[in-house]
Amino acid sequence: MPDLSPSFRAPRRSRVAGARRFLAMKWGHFIRGSAEPAPVGRPDYYRRELADSLFVRSADALPVKSFVPEDHTEPSAVATAEACHRRYGVYPLNFSFPRPKLMPRINGSRPHFLSSTIPGEPFSFDTWDAYLEEYRSSYFALSTKKGGWDTFRHLEVLFSGAIPLLPRLSAANPYSLAHFPKRALISVMQTLEREGPALPDEHTRQFFREYATKRLSSRAMAENLATMSGISGSRVLYLDQGLATRTDYLSAFTLIGLSELSGLTVIPAYQPDYLYEDYTGDTRRLYGRGFGYTTVLPTAAKSTESLDRADARTAAGTRDLVALADSCESIVVGNYDGNRELVEELVQAGIPAQRFVCIVGSDLVPDRALFRAMAGSEMTFFVREFPGA
């Protein structure tokens, strides 16, 4: 058995800062007239972020424009991650796309300039494919900041071969949406606002297509996480007790991506069956109707070492989890906020803190105390949302 570390205390959010942010969130709910993280049934709330002149449906007779110069470059994922770590002591991580093969193969002409699907509209599509088809018929789609800057909609637009329009992105923290082609997205937005509606030329469309395919798939995002965290050994324990029954996008996408990497044996401590091809439950009852992330992984990727979640909080279940964690060289915590106490228990039970790679994936930006604690920790942290506009 590992040596005990009973005095270990995992980094946590400030209670005072948390209370202030909770009150600010409730005030935002009151102002918006919605208790959702972002207003649902209020497309007008998001439409106001885009100039009226850009609400053009038909692509007929619009000029074609180059939005991305031939020599355009974006910072490498490693360079951005290293700069973020120097500034905050953590690495950035974003949502990713689990099904990159859905990217249309041909950049053909499309009938619509702007997609009719607007953030805040109640979901009216019966299938994910029908939803994506609207984006596939358009050159651009409005995709705004909601609970945070990182939303799955950006990826659904990009992997439909369209370009997301993100008003105010130029004012965001440099490490918000760190893995996205922010320079190009800001250039597109500013050009359209300045010069009016125009269609992207072939080079612009190909740039976004290639960037998304190479850097925004779940596998590519997991490769970056493995590189920056220095995951060692072949056995990786994936720890997220809640994921087995409740969807967390960032945790699910990360587990999918890690499971696709060669050379790693990824063992979910508690297996989320809905991610695997043999799942027979009703995926429409899951978050977001299960669109995009369910039944992605082959059944063969399931682990025979996963534990029974029903035993998770029992003495026997805790012993089994400690033994399983001790047998793995690395432990990726898919939802740190939801599993912090479990992490604390494992380190106190003797699992070395250096093995832990923790993901803070909430819309709630870490407060200063948490940033300081994460930077000073022996554990490695990845963060989704950063301070700023």
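Quick summary incoming for the structure in this document.

How each quantity is defined
Residues numbered from 1 in each chain as written. Predicted model: local features only at pLDDT ≥ 70, side-chain atom pairs only at ≥ 80, totals over all residues. Heavy atoms only, no water. Pairing = 2+ DSSP bridges. Helix = DSSP H or I, 4+ residues; strand = E, 2+ residues; numbered from the N terminus. Buried < 20%, exposed > 50% of the residue type's maximum accessible area, 1.4 Å probe, protein only. Contact = heavy atoms within 4.5 Å. Phe/Tyr/Trp six-rings, centres within 6.5 Å; stacked < 30°, edge-to-face > 60°. Disulfide = S-S within 2.5 Å. Core = buried A, V, L, I, M, F, W, Y, C linked by side-chain atoms within 4.5 Å. Polar contact = N/O pair within 3.5 Å; in protein donor to acceptor, adjacent residues only side chain to side chain. Right-handed = clockwise from strand over helix to strand, strands pointing away.

### Points about the pairing of strand S8 (residues 265–268)
Phase 1 of the analysis: Here strand S7 (residues 235–239) runs beside S8; their pairing, made up of four bridges, is parallel. Bridging across to S8, Tyr238 finds its partner in Pro268.

### Focus: the environment of Met379
Phase 1 of the analysis: Mapped onto the secondary structure, Met379 falls in the loop between helix H12 (368–376) and strand S11 (380–383).
Phase 2 of the analysis: With a relative accessible area of 4%, Met379 lands in the buried category.
Phase 3 of the analysis: Once the C-alpha coordinates of Met379 and Ser303 are considered, the two residues, 76 residues apart in sequence, prove to be 25 Å apart.
Phase 4 of the analysis: When residues no more than four places from it in sequence are discounted, the contact partners of Met379 are Phe8, Pro11, Tyr336, Val343, Ala353, Phe356, Cys358 and Met374.

### Description of the packing of aromatic side chains
Phase 1 of the analysis: For the coordinates displayed, the defined rule picks out 25 aromatic pairs.
Phase 2 of the analysis: Centre to centre, the rings of Phe67 and Phe140 are 5.9 Å apart; their planes meet at 75 degrees, and the pair counts as edge-to-face. Of the two residues, Phe67 sits in the loop between strand S1 (64–65) and helix H3 (77–88) while Phe140 sits in strand S4 (residues 138–142), which places them 73 residues apart along the sequence. The burial state of Phe67 is the same as that of Phe140; both residues are buried.

### Side note on the state of the cysteines
Phase 1 of the analysis: Here the structure, examined in full by the defined rule, presents zero disulfides.
Phase 2 of the analysis: Cys84 forms no disulfide, and the closest cysteine sulfur to it belongs to Cys358, at a distance of 16 Å.
Phase 3 of the analysis: Here Cys358 is not cross-linked by a disulfide; its sulfur's nearest cysteine counterpart is in Cys328, at 15 Å.

### Some points on the nonpolar core
Phase 1 of the analysis: Formed by 79 residues in total, the largest nonpolar core has its most connected members in Phe140, Phe208, Leu216 and Leu275.
Phase 2 of the analysis: Here Leu275 is in contact with Ala252, Leu255, Ile256, Tyr293, Thr295, Val296 and Leu297, once residues within four sequence places are set aside.
Phase 3 of the analysis: Membership of the second largest hydrophobic core comes to 39 residues, among which are Cys84, Leu237, Ala353 and Cys358.

### Description of the side chain of Ser96
Phase 1 of the analysis: Along the chain, Ser96 turns up in the loop between strand S2 (91–92) and strand S3 (112–114).
Phase 2 of the analysis: Polar side-chain contacts of Ser96 include one of 2.9 Å to the side chain of Ser218.

### Looking at the pairing of S7
Phase 1 of the analysis: Extensive coverage of S7 is indicated by the burial of five of its five residues.
Phase 2 of the analysis: With respect to chirality, the unit in which S7 leads through helix H9 (residues 249–259) into the neighbouring parallel S8 is right-handed.
Phase 3 of the analysis: As judged from the four bridges shared by S7 and strand S9 (residues 330–333), these two strands associate in the parallel manner. Pairing of Leu239 across the sheet is with Val333, part of S9.

### With respect to the sheet that holds S8
Paired through backbone hydrogen bonds, the strands of a sheet run either parallel or antiparallel to each other.
Phase 1 of the analysis: Strand order in the open sheet formed by six strands is S2-S11-S10-S9-S7-S8, and the pairing between neighbours is parallel. Each end of this open sheet is capped by a strand with a single partner; those strands are S2 and S8.
Phase 2 of the analysis: Looking at chain direction, strand S10 (residues 356–360) and S11 are connected through four bridges and run parallel. Within the sheet, the bridge partner assigned to Val357 lies in S11 and is Thr380.

Worth remembering: the numbers are spatial, not functional.
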